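Here's the letter readout for the chains.
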Amino acid sequence: MTDTQVVIAGAGPTGLMLACELRLAGVEVLVLERLPERRTVESRAGGLHIRTMETLDQRGLLDRFLERGQRRQAVRFAADPLDVSDAATRYPYVLVIAQSEVERLLAERAVEAGVRLRRGAEVAGFIQDDTGVTVELADESRVRADYLVGCDGGRSTVRRLSGIEFPGTPATMTALLGDVELAEPPVDDIFQERRENGSFSVLASGPDRYRVLTNEFDHVAGRDEPVTLETLRTALVKIAGTDYGMHSPRWLSRFGDAARQADRYREGRVLLAGDAAHIHFPAGGQGLNTGVQDAVNLGWKLAAVVRGQAADLLLDTYQAERHPVAARVLRNTRAQTALHRVDAHTSALCEVLGDLIDIDEVRLRLAGMITATDIKYPTVGTDDLLGRRMPDLDLVDGRVYELLHRARAVLLDLGGLRSLDAVVTGWAGRADLIRTRPAQGSDLGADAVLIRPDGHVAWLTRTGQRPDLNGLRTALTTWLGPADPDFQGERKANSNDNEIPARDR
Ligand SMILES: Cc1cc2nc3c(=O)[nH]c(=O)nc-3n(C[C@H](O)[C@H](O)[C@H](O)COP(=O)(O)OP(=O)(O)OC[C@H]3O[C@@H](n4cnc5c(N)ncnc54)[C@H](O)[C@@H]3O)c2cc1C
């Protein structure tokens, strides 16, 4: 007998998003958060990228975030702005929004959805067996669940106790951060420079508020050394030659460029997501975004396993799909940290890169990587759309992302393919067959597409081609589990396997 189906350790952005996803699929979730109160002053991340906005849009949540954020046209690769205004998305910008606000909005949504959230509850240990996990709290109480997910940040207790290794590279530099007021701020809203003693940036972050960052290379400060306004002032004056009249700090912090990744994301009934699975320098603002997207990849899979619809092998696809994504983030943040260095050789490299970024293809390639819009999960099949995010196509009666609000798979029939009915009946309640047409002027070049709950394409049939219904059955089985046992439609489905799309008859 379990107390809940899934325990999530940590109510950061990753844990909260995962809780929302699981609840949407009808799973009982308990989130245990060590801190007694929500973080309001500390706000590490400052922006949402395109794919995260799209993901929130797929759940009908984005408007709440758009209302509270500011739009900026460029993402950054090291010091170089990458214009994303021509990206193929409804949201071609960065949404500048404090992490504390992201957490507030996600917590609000989680509670609305029926997630149980216990603050001041620290996960201190766990024991797993064949049927579940017993989670031990610091106050010596226990909770029994089918699965435990560690979303408990870079120093994850769950990771440490699971025996999962966290290999990578140690810090080589020290960055200081201050959310402050400035008596003499720079003119530009985003001011970034590399100077002889290091690099620094000053970013306008709100009315009369600024985020000041300094990067000092080849010096690694002790983890527990206190950070004061004077520490930040000294570092800034050393690098920039001025402190811009800094005063009234709201939050001060220190971090480094250690880059590490869990060697596996799962040990039996224990999984890792977000910073618990990967840490890196916050160059390009990718950590929170990657964590939220881990959650959206894992949520529907874990729900299918917990509800007994799919075998737990489905969980292995979480690691297969998301481990390479974070490995690439580690690689690009290491490269960006290197580009912040201030010697003559790095300056030359920055100039070469600046020239290359002027080439549209290079800019778009880097922007696709930072905004996570270019992700293509490994799939069977050669069509380039397979494994990629489904575009938010305009339809005669709405648009595609609105169809994903319930976090269920969608079989989108754009070509009047009656043969799909009999196939999808076997997965009724897990996949929604939606029969519609593209709006005038929008075309995907496909008659039907199977979209996973996370918005990635799992199967498709191109316009005018005979649909590969066996391929569709395989895709449905792979991602949603076997067809319902009382499903009688298989013979009927087979008899229609050679159907030609309605418009070609
Ligand atoms: C200066 C800076 C700027 C950044 N800017 C950006 C940016 O612009 N964009 C971006 O995408 N990312 C950015 N990041 C990274 C981003 O902040 C993290 O990637 C993000 O917070 C990860 O979210 P998470 O939920 O995985 O972990 P966390 O936010 O660390 O949350 C973990 C939660 O678990 C709780 N917890 C810990 N241990 C336990 C336990 N034993 N039991 C119960 N609860 C526990 C913690 O209290 C915490 O609430 C930045 C980071 C820094 C340092």
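What you see is a predicted model, and the numbers here were worked out from it, not measured in a lab.

Asker: Please clarify how the packing of aromatic side chains should be interpreted in this entry.
Answerer: Think of a pair of aromatic rings as described by two things: how far the centres are apart, and how the planes are tilted against each other in angle. The final tally for this structure, using the stated rule, is six aromatic pairs. Plain terms: the ring middles of F200 and Y244 are 6.5 Å apart, the flat faces sit at 35° to each other, and that makes the pair tilted. Here the residue F200 occupies a position in strand β15 (residues 198-206), and Y244 occupies one in the loop between α6 (229-240) and β17 (246-255), the gap between them amounting to 44 residues. In this structure Y244 comes out as buried when scored by relative accessible area, which is 10%.

Asker: Help me out: how do you make sense of the packing of helix α1 (residues 13-24) against helix α7 (residues 287-306) in this one?
Answerer: The relative placement of two packed helices is expressed as an angle between their axes plus a distance between the axes. At a minimum axis distance of 8 Å, the contact between α1 and α7 shows a crossing angle of 30°. Taken together, the axis directions place α1 and α7 in an arrangement best described as roughly parallel. In the packing of α1 onto α7, the handedness of the crossing is right-handed. Along its contact with α1, which presents P13, T14, M17, L18, E21 and L22, the element α7 presents L288, G291, V292, A295, V296, L298, G299, L302 and A303.

Asker: What is the right way to look at the side chain of H280 in this model?
Answerer: Here H280 shows up in the loop between β21 (278-279) and α7. Every residue in contact with H280, bar those within four places of it in the chain, is listed here: A258, A259, Q286, G287, V329, L330 and T333.

Asker: How should the environment of Y265 be read in this particular structure?
Answerer: For Y265, the position within the fold is in the loop between β18 (259-261) and β19 (266-267). As for Y265 and D3, which are separated by 262 residues in sequence, their C-alpha atoms are 24 Å apart. Polar side-chain contacts of Y265 include one of 2.9 Å to the side chain of Q261.

Asker: Would you mind showing me how to read the sheet that holds strand β25 (residues 431-435) here?
Answerer: Pairing between the strands of a sheet comes from backbone hydrogen bonds, and it takes one of two forms, parallel or antiparallel. With mixed pairing, four strands are arranged side by side in an open sheet as β25-β24-β26-β27. Looking along the sheet, the strands with just one partner apiece sit at the ends: β25 and β27 (457-462). The mean inter-strand angle of the sheet, taken between neighbouring strand axes irrespective of direction, is 10°. Pairing of strand β24 (residues 409-413) with strand β26 (residues 446-451), which is carried by four bridges, proceeds in the antiparallel orientation. Each residue of the ladder has a partner; that of L412, found in β26, is V449. Along the sheet, helix α12 (residues 469-480) contacts β24, β25, β26 and β27; its crossing angle with β27, the most-contacted strand, is approximately 170°.

Asker: Would you explain helix α8 (residues 316-339) in this entry?
Answerer: Note on helix geometry: an α-helix contains 3.6 residues per turn, so any two residues three or four positions apart are oriented the same way. Helix length check: α8, at 24 residues, gives a terminal C-alpha distance of 35 Å against a target of 34 Å (1.5 Å per residue), a fit within 8%. Taking the largest bend as the criterion, α8 deviates by roughly 25°, centred on R322, and proline P324 comes between one and four positions later.

Asker: Can you help me understand the sheet that holds β15 in this one?
Answerer: Taken together, five strands build an open sheet; the order of strands is β14-β15-β16-β13-β17 and the sheet is antiparallel. One side of each edge strand has no neighbouring strand; the edge strands of this open sheet are β14 (190-195) and β17. For this sheet, the mean inter-axis angle between neighbouring strands, taken without regard to orientation, is 15°. Of the pairings in the sheet, the one linking β14 to β15 comprises six bridges and is antiparallel in character. Paired with I190 across the strands is L203, a residue of β15.

Asker: What exactly am I supposed to notice about the domain arrangement of the protein chain here?
Answerer: For interface size, the figure often reported is the accessible area lost on association. Each assigned domain of the protein chain is listed here: domain 1 (4-46 + 98-168 + 260-340), domain 2 (173-256) and domain 3 (394-504). Distance between the C-alpha centres of domain 2 and domain 3: 53 Å.

Asker: Any chance you could explain the site of the ligand here in plain terms?
Answerer: Near the ligand, the surroundings consist of 31 residues, among which T14, E33, Q99, D275 and L288 are the closest. At 2.9 Å from a nitrogen atom of the ligand is found a main-chain nitrogen or oxygen belonging to V123. The contact in question runs from an oxygen atom of the ligand to an N or O atom on the side chain of N289, over 2.9 Å. Contact with the protein chains covers 91% of the free accessible surface of the ligand, which is 990 Å². When contributions to the shell around the ligand are tallied by element, the ones reaching two or more residues are α1, β2 (29-33) and α7.

Asker: Teacher, can you tell me more about the nonpolar core here?
Answerer: Looking at soluble globular proteins, one finds that nonpolar side chains tend to be buried together. Core analysis: the biggest nonpolar cluster contains 92 residues, and F65 and L302 have the highest contact counts within it. Looking at this core element by element, the count peaks at 11 residues for α7. Of the residues that make up this core, three or more belong to each of domain 1 (4-46 + 98-168 + 260-340) and domain 3 (394-504). L302 has contacts with V6, L22, Y147, V149, L271 and L315, leaving out every residue within four places of it along the chain.

Asker: Help me out: how do you make sense of α6 in this one?
Answerer: End to end, α6 covers 16 Å across 12 residues, agreeing with the expected 16 Å (1.5 Å per residue, within 8%). When we look at burial in α6, the residues that qualify are L229, L232, A235, L236, I239 and A240. Here the buried residues of α6 occupy an arc of 135° about the axis, which is enough to place them on one side. Residues of α6 that are buried sit in contact with β13 (173-182), β14, β15, β16 (209-217) and β17.

Asker: Just checking my understanding: could you explain a nonpolar patch on the surface for this structure?
Answerer: Together, V352, L356 and I359 make up a nonpolar patch on the protein surface, roughly 250 Å² of accessible area in all. Given the relative accessible area of 38%, L356 is considered partly exposed.

Here is what the cut-offs are and how they apply
- Within each chain, residue numbers correspond to sequence positions counted from 1 in written order.
- Reporting of local features is limited, given that this is a predicted model, to residues whose pLDDT is at least 70; pairs of side-chain atoms are given and counted only at 80 or more, and all residues count toward the totals for whole chains, interfaces and linings.
- Note that water and hydrogens are dropped before the side-chain values are worked out from all heavy atoms of the structure.
- We call Phe, Tyr and Trp rings a pair once their centres come within 6.5 Å, taking the six-membered ring for Trp, and we label the pair stacked below 30 degrees between planes, edge-to-face above 60, and tilted otherwise.
- Helix numbering and strand numbering both begin at the N terminus, where a helix is a DSSP run of H or I of at least 4 residues and a strand a DSSP run of E of at least 2.
- Note on exposure labels: buried denotes an accessible area under 20% of the residue type's maximum, exposed denotes more than 50%, and partly exposed covers the range between, all computed with a 1.4 Å probe on protein chains only.
- Interaxial angle, 0 to 180 degrees, is taken between N-to-C directions of lines fitted to C-alpha atoms, where a helix line uses only the stretch in contact.
- If an angle is under 35 degrees, it is roughly parallel; if it is over 145, roughly antiparallel; if it lies from 65 to 115, roughly perpendicular; otherwise it is oblique.
- Two helices cross in a left-handed way if the nearer one is turned anticlockwise from the farther one by less than a right angle. They cross in a right-handed way if the turn is clockwise.
- Residues are treated as being in contact if the distance between any of their heavy atoms lies within 4.5 Å.
- Throughout this description, a polar contact denotes any pair of N or O atoms lying within 3.5 Å of each other; where both atoms belong to protein, one of them has to be capable of donating a hydrogen while the other can accept it, and for residues adjacent in sequence the pair is counted only when both atoms sit in side chains.
- A pair of strands is labelled paired if DSSP reports no fewer than 2 bridges between them.
- A helix's residues, less one, multiplied by 1.5 Å, set its expected span.
- Note that bend, as reported per residue, equals the angle between axes fitted to the 7 residues terminating at that residue and the 7 residues originating from it.
- Segment limits for the domains were obtained from an automatic or database-derived domain assignment.
- If a single non-hydrogen atom of a residue is within 4 Å of a molecule or strand, that residue counts as near it.
- In short, Shrake-Rupley with a 1.4 Å probe defines the accessible areas, and a residue's cover is counted only from the protein chains shown.
- We call a set of buried Ala, Val, Leu, Ile, Met, Phe, Trp, Tyr and Cys residues a nonpolar core when their side-chain atoms join them within 4.5 Å.
- To obtain the arc, one takes the directions from the helix axis to the C-beta atoms.
- Distance thresholds for patches are 9 Å for like charges and 5 Å for nonpolar side chains (Val, Leu, Ile, Met, Phe, Trp, Tyr), applied to residues having over 30% relative accessible area and no salt bridge.
- Note on definitions: salt bridges are taken to be side-chain nitrogens of Lys or Arg within 4 Å of carboxyl oxygens of Asp or Glu.

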